[in-house]
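Understanding the architecture of this molecule
Here is what each chain is made of, one letter per residue.
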Amino acid sequence: MSERHATTVLLVRRGGRVAMVSDGQVTLGATVVKAGAAKVRRLGRGRVLVGFAGGAADGLALFARLEAKLEEANQNLERAVVELAKDWRTDRALRQLDAVILVADAERSFLVSGQGDLLQPDEEGLLAIGSGGNFALAAARALARHSELPARELAVEAMKIAAELCIYTNDRLTLEEL
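Residues numbered from 1 in each chain as written. Predicted model: local features only at pLDDT ≥ 70, side-chain atom pairs only at ≥ 80, totals over all residues. Heavy atoms only, no water.

1. Details of the sheet that holds strand 5 (residues 40-43)
Working definition: the strands of a sheet are paired by backbone hydrogen bonds and lie parallel or antiparallel to each other. Pairing in this open sheet of five strands is antiparallel, and the strands run 5-6-7-8-9 from one edge to the other. Each edge of the open sheet carries a strand with a single partner, namely strand 5 and strand 9 (118-119). Against the sheet, helix 1 (residues 56-72) touches strand 5, strand 6 (48-54) and strand 7 (99-104), its axis set at about 150 degrees to strand 6. (Pairing = 2+ DSSP bridges. Helix = DSSP H or I, 4+ residues; strand = E, 2+ residues; numbered from the N terminus. Contact = heavy atoms within 4.5 Å. Axes fitted to C-alpha atoms, helices over the stretch in contact; angles between N-to-C directions.)

2. A look at the packing of aromatic side chains
Within a pair of aromatic rings, the relevant descriptors are the distance that separates the centres and the angle that separates the planes. Per the stated rule, a full pass over the model turns up one aromatic pair. On the basis of an interplanar angle of 75 degrees and a centroid distance of 5.5 Å, the ring pair of Phe 52 and Phe 63 is categorised as edge-to-face. Here Phe 63 lies in helix 1 and Phe 52 lies in strand 6, a separation of eleven residues in the sequence. Neither Phe 52 nor Phe 63 differs from the other in exposure class; each is buried. (Phe/Tyr/Trp six-rings, centres within 6.5 Å; stacked < 30°, edge-to-face > 60°. Buried < 20%, exposed > 50% of the residue type's maximum accessible area, 1.4 Å probe, protein only.)

3. Brief notes about the environment of Thr 27
In this fold, Thr 27 is placed in strand 3 (residues 26-28). A relative accessible area of 18% places Thr 27 in the buried class. Considering only alpha carbons, one finds Thr 27 and Gly 44, 17 residues apart in sequence, at a separation of 29 Å.

4. Topic: helix 3 (residues 133-146)
End to end, helix 3 covers 20 Å across 14 residues, agreeing with the expected 20 Å (1.5 Å per residue, within 8%). Inspection of helix 3 places Gly 133, Ala 136, Leu 137, Ala 139 and Ala 140 among the buried residues, and these make up the whole buried set. For helix 3, the angular spread of buried residues about the axis comes to 165 degrees, placing them on one side. Facing away from the buried side of helix 3 by over 90 degrees, the exposed positions are Asn 134, Arg 145 and His 146. The inward-facing, buried residues of helix 3 abut strand 1 (8-14), strand 10 (126-130) and helix 4 (151-165). (Expected span 1.5 Å × (residues − 1). Arc of directions from axis to C-beta.)

This is how it looks when you write it as structure tokens:
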């Protein structure tokens with residue numbers, strides 16, 4: 001997968017809770033054009049969290065497409081993301097979308113991309129995307145291994161660390177939790 005600039009989204013599953021957090025920075029070239037964008041949303045009647053990295057219009061189009069897939073699949077998240085991944089890979093218009101998404105409900109988490117990737121996290125329950133994703137993921141792994149922080153606090157602390165390291169990530173966070 002190519003690296004997505006100008007965002008960081010982190011998913012943390014811990015202690016029966018799932019938290020998804022994103023930074024708020026939007027850049028156009030080398031200029032910050034917005035500091036408080038919301039890149040994480042609730043879908044599926046409020047039971048599904050989705051975050052995107054990549055083009056904003058493309059991410060929003062994927063949110064709408066996933067919402068439709070959830071309705072078609074009677075709110076079955078796994079079926080909906082499988083169908084979205086298939087469509088994204090095979091549909092000529094969807095293939096042009098430049099984004100990656102994280103999707104989670106109370107039980108499952110997925111990373112979905114236009115290359116047909118449909119990945120679930122390892123047993124530690126962490127996923128990250130975007131240009132600051134590796135920073136956030138490394139911080140979350142260290143915090144998970146060496147602290148008892150609950151999902152929400154672990155996600156926030158890991159994102160603060162990522163914001164200190166990645167020039168495309170800020171500390172204006174949007175967080176959703178199930």
